[in-house]
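Listed below are the residues making up each chain.
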Amino acid sequence: MASMDYSFEPPYSTYLNIQGKEPLNAEPTAAALVEFEITPEDLIYCRNHGPVREFHDNTYTLTVKGAGKGDINLSIAQLKSSYTSHQIVAALQCAGIRRKEMGAIKPVHGVPWSDGVVANCKWKGVRLSDLFADLNIMAQDKAHVCFESHATLCQDDSFYGASIPLSKALFKEDDVLLAYEMNDEPLSAHHGGPLRVIVPGYLGARWVKWLDTIIISSEESQNFYQQRDYKILPPTVEDKESAKPLWAKYPSMTVLPLNSVVAFAEFISDTMLHVKGYALPGPTGNVQAVEITVDDGTTWHPTTLLYQGGKWGWTLWEVELECMEECGKVHSRARDTSGNVQPKEGVWNLRGVAYNGWGIGTFRR
Ligand SMILES: Nc1nc2c(c(=O)[nH]1)N[C@H]1C(S)=C(S)[C@@H](COP(=O)(O)O)O[C@H]1N2
Ligand SMILES: [Mo]
């Protein structure tokens, strides 16, 4: 791998807890996150596999390959002027969200993320389906769309890459965007400016930052991060050696599961406990209800949903509950619009991804 230079990185938010500096991996606390419906820039986690770099819109080019017309080069200005812009709210989350909790069951490989690697933001850009319609790309042509960023180097491969099914990209209602704005501001360098992919419902690893190449392809991206990472291996695979021959046999991750997290639980009077958290949509619909229990699941109490960010956004919830205990544990579980319920336990896997056991918080007088 080519050497990586971190000396050009822009300064990062001091509100984040640093997991590592080179590359920059940092997350806020869930308690800070749930104070805002739309996550402010300073509280957005940073997940990198290489250096963060600043680019300028006016020198940046997106190249589309495999559309049957040779390489198509588009400037950011051309993208903006040729296609209608769309703004959506969508929760960006890392597949390793709550990895620390999974790691407590049995050791896992990866950054020991807590519950701060999620950001509910407004994303504005052009629909990939509009660009593809213009280029006459049809679902039957090829099966995958690969996204690549050659603009910066990374740890495990010569560039960062990912792919999604072409059908997902072509389905207008799935809102796959090429975004150049976040929260009504130009997309910052830390979060992939000038251009990144937004894939609502999918793990963050597919939301390629500093996007410079799109390839319509008959096969999935062969990049390390698509093929030998971000996969749910069976629980019997306990170390890197036994994982090696198996990576190719398991599917790349796409959607993340229904989830909920207790951000804090604190007494607001002698008898009243205030509990607040967030919940995240799963593949079968957005969150319809969140319940909590302080007796390990014997009795469940409804919570009030304070906010929901449309089809792809997170849900904020809270409840005030009469509680006489000195101290204890509070769990949360979400239910989606199809009636599916967040499970009590998450299934352990070597990479510690997609953990969604009941949310957990502790309280003490
Ligand atoms: N080019 C590039 N894109 C990337 C990554 C990266 O390291 N390089 N990390 C991915 C992962 S694993 C996640 S979770 C999100 C994190 O986005 P954020 O740093 O804006 O929070 O970006 C994704 N896109
Ligand atoms: Mo991630």
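The structure displayed is predicted, hence computed values, not measured ones.

Novice: Explanation requested: the overall build of the protein chain in the structure shown.
Specialist: Looking only at helices and strands, one finds seven helices and 21 strands in the protein chain. Taking 2.2 N^0.38 as the reference for a compact globule, 365 residues should give roughly 21 Å; the C-alpha atoms of the protein chain span a radius of gyration of 21 Å, in line with that estimate. Once the C-alpha set of the protein chain is aligned to its principal axes, its extents read approximately 70 × 45 × 45 Å. Counting across all 365 residues of the protein chain, residues that qualify as buried make up 55%. Only carbon and sulfur atoms are counted for the fraction: they give 50% of the accessible area of the protein chain, which is about 15600 Å². Counting 33 positive and 44 negative side-chain charges, the protein chain places the averaged centre of each group 5 Å from the other.

Novice: Help me understand empty space enclosed by the protein in this model?
Specialist: Empty space among the atoms becomes apparent when a probe as large as a water molecule is rolled across them. Taken as a whole and judged by the stated rule, the model has one cavity of 30 Å³ or more. In this model, the largest cavity occupies a volume close to 310 Å³. Forming the walls of the largest cavity are 23 residues, and the residues nearest its centre are Arg47, Asn48, His49, Tyr160 and Lys209. When grouped by side-chain class, the residues that make up the lining of the largest cavity number 13 nonpolar, seven polar and three charged.

Novice: Would you mind showing me how to read the UniProt feature "domain: Moybdenum cofactor oxidoreductase dimerisation" (unreviewed entry) in the protein chain here?
Specialist: Under the present numbering, the feature "domain: Moybdenum cofactor oxidoreductase dimerisation" (unreviewed entry) in UniProt falls on residues 270–358. Along residues 270–358, the helical share is 0% and the strand share 46%, with 27 Å between the first and last C-alpha atoms.

Novice: Just to check I follow, could you spell out the sheet that holds strand E8 (residues 144–149) for this structure?
Specialist: Across a sheet, paired strands are connected by hydrogen bonds in the backbone, their directions being either parallel or antiparallel. With mixed pairing, five strands are arranged side by side in an open sheet as E5-E4-E13-E8-E9. Two strands in the sheet have a free side with no partner beyond their single neighbour: strand E5 (72–75) and strand E9 (160–165). Along the sheet, successive strands turn relative to each other by an average axial angle of 20°, direction set aside. In this structure, strand E4 (residues 61–65) lies alongside strand E13 (residues 213–217), joined through three bridges in parallel fashion.

Novice: Just to check I follow, could you spell out the pairing of strand E19 (residues 315–322) for this structure?
Specialist: It is a general feature of regular strands that their side chains alternate between the two faces of the sheet. Pairing geometry for strand E15 (residues 272–280) and E19, over eight bridges, is antiparallel. Its bridge partner being in E19, alanine 279 is matched across the sheet by threonine 315. In sequence, strand E18 (residues 304–308) turns back onto E19 through a hairpin of six residues, with glycine 310 there showing a positive phi of about 60°.

Novice: Quick question: what am I supposed to make of the domain arrangement of the protein chain here?
Specialist: One frequently used descriptor of interface size is the decrease in accessible area upon assembly of the parts. Examined at the domain level, the protein chain breaks down into domain 1 (17–249) and domain 2 (259–364). Distance between the C-alpha centres of domain 1 and domain 2: 27 Å. Residue-level contacts link 46 residues of domain 1 with 34 residues of domain 2. Taking both partners together, domain 1 and domain 2 bury about 3300 Å²; carbon and sulfur atoms supply 63% of that area. By the criterion of area lost to domain 2, the three top residues of domain 1 are Val34, Arg98 and Met102, representing 23% of everything that side buries. On inspection of domain 1 and its partner domain 2, the count reaches one salt bridge. Across the pair arginine 351 and aspartate 229 runs a salt bridge, and its minimum N-O distance is 2.5 Å.

Novice: Even after reading the chapter, I still don't get the nonpolar core, so can you show me in this structure?
Specialist: Counting residues in hydrophobic clusters, the biggest one holds 83 residues, and the most contacted among them are Trp123, Phe132, Leu178, Ile214 and Tyr278. A domain split of this core shows at least three residues from each of domain 1 (17–249) and domain 2 (259–364). Counting 17 residues, the second-largest nonpolar core is a separate cluster that includes Val262, Ala279, Ile292 and Val330.

Novice: Explain the site of ligand 1 to me, please; I cannot follow it from the model alone.
Specialist: Around ligand 1 lies a shell of 18 residues, among which Tyr45, His49, His191, Arg196 and Lys209 are the nearest. Take histidine 191: an N or O atom from its side chain is 2.6 Å from an oxygen atom of ligand 1. Taken by itself ligand 1 offers 540 Å² of open surface, and the protein chains cover 99% of this. Taken atom by atom, the bulk of ligand 1 overlaps the largest cavity. Split into classes, the residues belonging to the shell around ligand 1 amount to ten nonpolar, five polar and three charged.

Novice: Even after reading the chapter, I still don't get the side chain of histidine 144, so can you show me in this structure?
Specialist: Here histidine 144 lies in strand E8. The buried category is assigned to histidine 144, whose relative accessible area is 18%. For histidine 144, the contacting residues outside a window of four places in its chain are Ile164, Pro165, Leu166, Ile215, Ile216, Ser217, Ser218, Glu219 and Glu220.

Novice: Where do I start with the layout of surface pockets in this structure?
Specialist: In this structure, the largest pocket spans a volume of roughly 430 Å³. If you trace the largest pocket, you find 23 residues lining it, with Asp156, Phe224, Asp229, Lys240 and Arg351 closest to the centre. Elements with a contribution of two residues or more to the lining of the largest pocket: strand E1 (17–21), helix H6 (224–227) and helix H7 (240–243). Within the lining of the largest pocket, the residues separate by chemical class into seven nonpolar, seven polar and nine charged. Volume-wise, the second largest pocket comes out at about 250 Å³. The wall of the second largest pocket is formed by 19 residues, among which Pro200, Gly201, Pro281, Gly282 and Trp312 lie closest to the centre. If one sorts the elements of the lining of the second largest pocket by residue count, strand E6 (residues 85–93) sits on top with three residues. Considered class by class, the residues forming the lining of the second largest pocket number eleven nonpolar, six polar and two charged. When we break the lining of the second largest pocket down by domain, the ones giving at least three residues each are domain 1 (17–249) and domain 2 (259–364).

Cut-offs and rules
Residues numbered from 1 in each chain as written. Chains lettered and ligands numbered in written order. Predicted model: local features only at pLDDT ≥ 70, side-chain atom pairs only at ≥ 80, totals over all residues. Heavy atoms only, no water. Helix = DSSP H or I, 4+ residues; strand = E, 2+ residues; numbered from the N terminus. Rg over C-alpha atoms; globule rule 2.2 N^0.38 Å. Buried < 20%, exposed > 50% of the residue type's maximum accessible area, 1.4 Å probe, protein only. Areas by Shrake-Rupley, 256 points an atom, 1.4 Å probe, with all protein chains shown as cover. Lys, Arg positive; Asp, Glu negative; His and termini not counted. Charge placed at Lys NZ, Arg CZ, Asp CG, Glu CD. 1 Å grid on protein atoms, 1.4 Å probe; cavity = no way out; pocket = protein on both sides within 12 Å on 5 of 7 lines; lining within 4 Å. Points joined across faces, edges and corners; volume = space filled by probe spheres on them. Nonpolar A, V, L, I, M, F, W, Y, C, P; charged D, E, K, R; others polar. UniProt positions renumbered as here; feature names shortened; annotations may be inferred. Pairing = 2+ DSSP bridges. Axes fitted to C-alpha atoms, helices over the stretch in contact; angles between N-to-C directions. Domains from an automatic or database assignment. Contact = heavy atoms within 4.5 Å. Buried area = accessible area lost by both parts, 1.4 Å probe. Salt bridge = Lys/Arg side-chain N within 4 Å of Asp/Glu carboxyl O. Core = buried A, V, L, I, M, F, W, Y, C linked by side-chain atoms within 4.5 Å. Near = heavy atom within 4 Å. Polar contact = N/O pair within 3.5 Å; in protein donor to acceptor, adjacent residues only side chain to side chain. Sits in = over half its atoms within 2 Å of the grid points.

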